[in-house]
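Breakdown of the fold
Now for the letters of each chain:
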Amino acid sequence: MDELLSVSVGAAFVGGDRPVLRENIDDLSKMVEEADVLLREKGRDDVEGFGWINLPYQDLSETIKIGRWLSGFEAIVQIGIGGSALGNRMLAKALLPPFYNELDASVRKAPKFYLLENPDPKTAVSLLDRLDLSKTAFIVVSKSGSTTETAAHFLWAWQKVREKIGERASDNFLIITDPRKGILRKFAKSTGCRSLNIPESVGGRYSVLSSVGLATASALGINIEKLVQGAKEMDQRLVLRSHLWENPAWLLACINLLHAKAGRNMAVMMPYGDDLADFAEWFAQLWGESLGKEGYGTTPVRALGAIDQHSQLQLYAEGPDDKLITIIDVKNRPLFLLPDVVDIDALKDLEFLYGKALGDLLSIEARSTASALVKAGKPVIYLNIPEVSERYIGALVFFYEYVTALVGFLMKINPFDQPGVEQGKRYIYSLMGRRGYEEYVKEVEEYFGACQNTEIII
Ligand SMILES: O=P(O)(O)OC[C@H]1O[C@](O)(CO)[C@@H](O)[C@@H]1O
């Protein structure tokens, strides 16, 4: 059986005044086994929040059909935020060629791809200028169907497309939302535009391997069958690993719990390679929104190798011992050789780079940074994936969804809800004048007043 992912945890165990030792892990063996049984039982029953564990076994035919239709457009604009966008950004960054939208259409052979996430007028205006709306498909994604930022972009896009192509505007829209509930579901029903379901049991931040991530990915030429296959293989291998020291998801869940208890309240995710930059972004929502509850949780820190060696490493190596650092390396990278020799004497001191492969340099940097952190006594988890391609990204995504859920159960919190985001949303509705939220206007001004009561203008 070939390797899907290697997980090295030798350096995750540290001594000192807040030790995390191998024997501490063994104490958690029963707990993590019970958490795994719970996860699989509830997953089998497709209980709300657990549905992501069944996504590797979904029927892709409808998504592929929609992907084919989408691929006929000149450009695709996905409108969504949080779990309704971050997974797409991660898949596009990892699996599409760099500078994708600038590639010639004959090379790209698929529509240009844009994400509208943040309600920033500058972005919206400049995007409008570069689109031929009659040849653009808008994919509006929202599990709740009423997220303000997504709704704002949607209203604008709908009006613009209507102005451009009139009555047939709904032909350029795909709605991805709850099968029964929400404003977007109502819109899809009333206009008859195309739509796909987000299974009710699948939460936003666990939805990348559902139609949320797969419809766009399929349209952009990403092989979604391989992506889902990778996730399925990871699931089938994890289920066979019933001993703590053989199951990397159990092990990582226990290690994260113990470091959190030891006061290391930051989880640094540092993949090496630009194509994995948005994996750290996707991980940040998954980890932060799943575990940040009842005073628990560790703060996900996005980092990127080798860039953050020249920005954050000083802090990671010699700053407070409050971080568990995960480094992700890639075994096989595209070959890019540096010049064999440069006949300029002034550059003689750089001869150590002559003829070297840039990809090897990146992996050497990953190993060197891990070694330097271990020498500094900091806990490091070292992951290695064979290559950045659909199968291995699918496996990595499923693996981290699994680890996150297990950590939640070990922390005895619900990893699938996000009650803490609702208060801010009520204040937004009230200040935007939404009916039924008037009562919050006074309250939000009171609390914002608390910010402003010490304002210094210069
Ligand atoms: O998919 P929706 O319902 O528009 O929500 C977008 C995001 O907003 C959140 O609800 C947080 O506000 C996330 O959990 C979710 O991924």
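Residues numbered from 1 in each chain as written. Predicted model: local features only at pLDDT ≥ 70, side-chain atom pairs only at ≥ 80, totals over all residues. Heavy atoms only, no water.

**Structural notes on the sheet that holds strand β2 (residues 75-79)**
Through backbone hydrogen bonds, the strands of a sheet pair up, either in parallel or in antiparallel fashion. Put simply, the rule is: The pairing criterion for strands is at least two bridges between them, as found by DSSP. Helix and strand labels come from DSSP, where a helix needs a run of H or I of at least four residues and a strand needs a run of E of at least two; each type is numbered from the N terminus. Inter-axis angles, ranging from 0 to 180 degrees, are taken between N-to-C directions of lines fitted to C-alpha atoms, where helices are fitted over the stretch in contact.
Strand order in the open sheet formed by five strands is β3-β2-β4-β5-β6, and the pairing between neighbours is parallel. At either end of the open sheet lies a strand with only one pairing partner, and these are β3 (112-116) and β6 (194-197). Geometrically, the sheet is characterised by an average inter-axis angle of 20° between neighbouring strands, direction not taken into account. Bridge count between β2 and β3: five bridges; the pairing is parallel. Of the residues in β3, the one forming a bridge with Gln 78 is Leu 115.

**A closer look at the domain arrangement of the chain**
To keep things clear, this is the line we draw: These domain boundaries are the output of an automatic or database domain assignment.
Under the domain assignment, the chain is made up of domain 1 (6-42 + 227-410), domain 2 (53-222) and domain 3 (421-451). Measuring from the centre of the C-alpha atoms in domain 2 to the corresponding centre in domain 3 gives 30 Å.

**Here's the deal with empty space enclosed by the protein**
Worth spelling out the cut-off: Of the two site types, the cavity is a set of points on a 1 Å grid over the protein atoms alone where a 1.4 Å probe fits but cannot get out, and the pocket is an open set with protein on both sides within 12 Å along at least five of seven lines, each lined by residues with an atom within 4 Å of a point. Grid points are joined across faces, edges and corners, and a volume is the space filled by probe spheres set on the points.
Applying the stated criterion across every chain, the model contains two cavities of 30 Å³ or more. What the largest cavity holds in volume is close to 80 Å³. Lining the largest cavity, in full, are Leu 252, Asn 256, Ala 267, Val 268, Met 269, Phe 283, Trp 287, Leu 324, Thr 326, Ile 381 and Tyr 400. Of all the elements, strand β7 (residues 266-271) adds the most residues to the lining of the largest cavity, at three residues.

**A look at the site of the ligand**
The cut-off we apply is this: Each residue is tested against the molecule or strand, and it is near if at least one of its non-hydrogen atoms lies within 4 Å. N or O atoms within 3.5 Å of each other form a polar contact, as long as, within protein, one can give a hydrogen and the other can take it, and as long as residues adjacent in sequence are counted only when both atoms are side-chain atoms. Values of accessible area rely on a 1.4 Å probe in the Shrake-Rupley scheme; residue burial ignores everything except the protein chains shown. Under the convention adopted here, Pro, Cys and the residues Ala, Val, Leu, Ile, Met, Phe, Trp and Tyr are nonpolar, Asp, Glu, Lys and Arg are charged, and Gly plus all remaining residues are polar.
The ligand sits among 13 residues. The nearest are Ser 84, Ser 142, Ser 144, Thr 147 and Glu 289. Here an oxygen atom of the ligand and a side-chain polar atom of Ser 84 are 2.6 Å apart. Here the ligand has 400 Å² of accessible area as a free molecule, and 88% of this is covered by the chains. Taken together, the residues that form the shell around the ligand break down as two nonpolar, eight polar and three charged.

**Concerning the packing of helix α11 (residues 248-261) against helix α15 (residues 390-410)**
To be explicit about the condition: Should an angle fall under 35 degrees it is taken as roughly parallel, and over 145 as roughly antiparallel, whereas 65 to 115 is taken as roughly perpendicular and any remaining angle as oblique. The hand of a helix crossing depends on one turn: near helix anticlockwise from the far one by less than a right angle means left-handed, and clockwise means right-handed. Contacts: residue pairs with any heavy atoms within 4.5 Å of one another.
Where α11 contacts α15, the two axes come as close as 9 Å, and the packing angle between them is 45°. Relative to α15, α11 is oriented oblique. Here α11 and α15 pass one another in a crossing that is right-handed. The residues of α15 that touch α11, namely those facing Pro 248, Ala 249, Trp 250, Leu 252, Ala 253, Cys 254, Asn 256 and Leu 257, are Phe 399, Tyr 400, Tyr 402, Val 403, Leu 406, Val 407 and Leu 410.

**Topic: the sheet that holds strand β10 (residues 380-385)**
Taken in spatial order, the five strands of this open sheet run β1-β10-β9-β7-β8, and their pairing is mixed. Strands with a single pairing partner mark the edges of an open sheet, and in this sheet they are β1 (6-8) and β8 (299-302). Averaged over all pairs of adjacent strands, the angle between strand axes in this sheet comes to 20°, irrespective of strand direction. Of the pairings in the sheet, the one linking β7 to strand β9 (residues 323-330) comprises six bridges and is parallel in character. Opposite Met 266, over in β9, you have Lys 323 as the bridge partner. Here helix α12 (residues 277-291) sits on the sheet in contact with β7, β8 and β9, set at roughly 175° to β8.

**Focus on α12**
An α-helix turns once per 3.6 residues; consequently, residues spaced three or four apart project the same way. Test applied: Any helix carries an expected span of 1.5 Å times its number of residues minus one. Burial classes: relative accessible area under 20% of the type maximum marks a residue as buried, over 50% as exposed, and values in between as partly exposed (1.4 Å probe, protein chains only).
Taking 1.5 Å of rise per residue, the 15 residues of α12 would be expected to cover 21 Å, and the 22 Å separating its terminal C-alpha atoms lies within 8% of that figure. Counted residue by residue, α12 has 12 buried out of 15 residues, so it is predominantly covered. Those residues of α12 not exposed but buried are Ala 277, Asp 278, Phe 279, Ala 280, Trp 282, Phe 283, Ala 284, Gln 285, Leu 286, Trp 287, Ser 290 and Leu 291.

**A short note on the packing of aromatic side chains**
For clarity, the cut-off: A pair of aromatic rings is counted whenever rings of Phe, Tyr or Trp (Trp by its six-membered ring) have centres within 6.5 Å, and the orientation is called stacked for planes under 30 degrees apart, edge-to-face for over 60 and tilted otherwise.
Within this structure, the stated rule accounts for 24 aromatic pairs. Summarising the aromatic geometry, the rings of Trp 52 and Tyr 402 are spaced 6.2 Å apart at their centres and angled 90° between planes, so their arrangement reads as edge-to-face. Remark: Tyr 402 occurs in helix α15 and Trp 52 occurs in the loop between α2 (29-44) and α3 (61-70); sequence separation between them is 350 residues. When sorted by exposure, Trp 52 lands in the same class as Tyr 402, which is buried.

**A few points about the nonpolar core**
In plain terms, the rule: We call a set of buried Ala, Val, Leu, Ile, Met, Phe, Trp, Tyr and Cys residues a nonpolar core when their side-chain atoms join them within 4.5 Å.
One finds Trp 52, Phe 279, Ile 393 and Tyr 400 to be the most contacted residues of the largest nonpolar core, which totals 103 residues. Examining the composition of this core, we find that 15 residues originate from one element, α15, more than from any other. Of the residues that make up this core, three or more belong to each of domain 1 (6-42 + 227-410) and domain 2 (53-222). Apart from the residues lying within four places of it in its own chain, the contact partners of Ile 393 are Met 90, Leu 91, Ala 94, Leu 95, Leu 227, Leu 276 and Val 388. Val 77, Ala 124, Leu 127 and Leu 184 belong to the second-largest nonpolar core, a separate cluster that totals 23 residues.

**Description of the side chain of Glu 233**
For Glu 233, the position within the fold is in helix α10 (residues 224-238). At a separation of 2.6 Å, a polar atom in the side chain of Glu 233 contacts the side chain of Arg 391. Residues within four places of Glu 233 in sequence aside, it is in contact with Leu 4 and Arg 391.

**Focus on the pattern of salt bridges**
Definition in use: Salt bridge criterion: a side-chain nitrogen from Lys or Arg within 4 Å of a carboxyl oxygen from Asp or Glu.
All told, the structure shown has 25 salt bridges when counted by the stated rule. Here Arg 237 and Asp 2 are joined by a salt bridge, their closest N and O atoms 3.3 Å apart. Here the residue Arg 237 occupies a position in helix α10, and Asp 2 occupies one in the segment before β1, the gap between them amounting to 235 residues. By relative accessible area, which is 16% here, Arg 237 ends up buried. Here Lys 135 and Asp 132 are joined by a salt bridge, their closest N and O atoms 3.7 Å apart. Using a relative accessible area of 23% as the deciding quantity, one classes Asp 132 as partly exposed. Among the charged side chains, a network of salt bridges with common partners joins Asp 2, Glu 233, Arg 237 and Arg 391.

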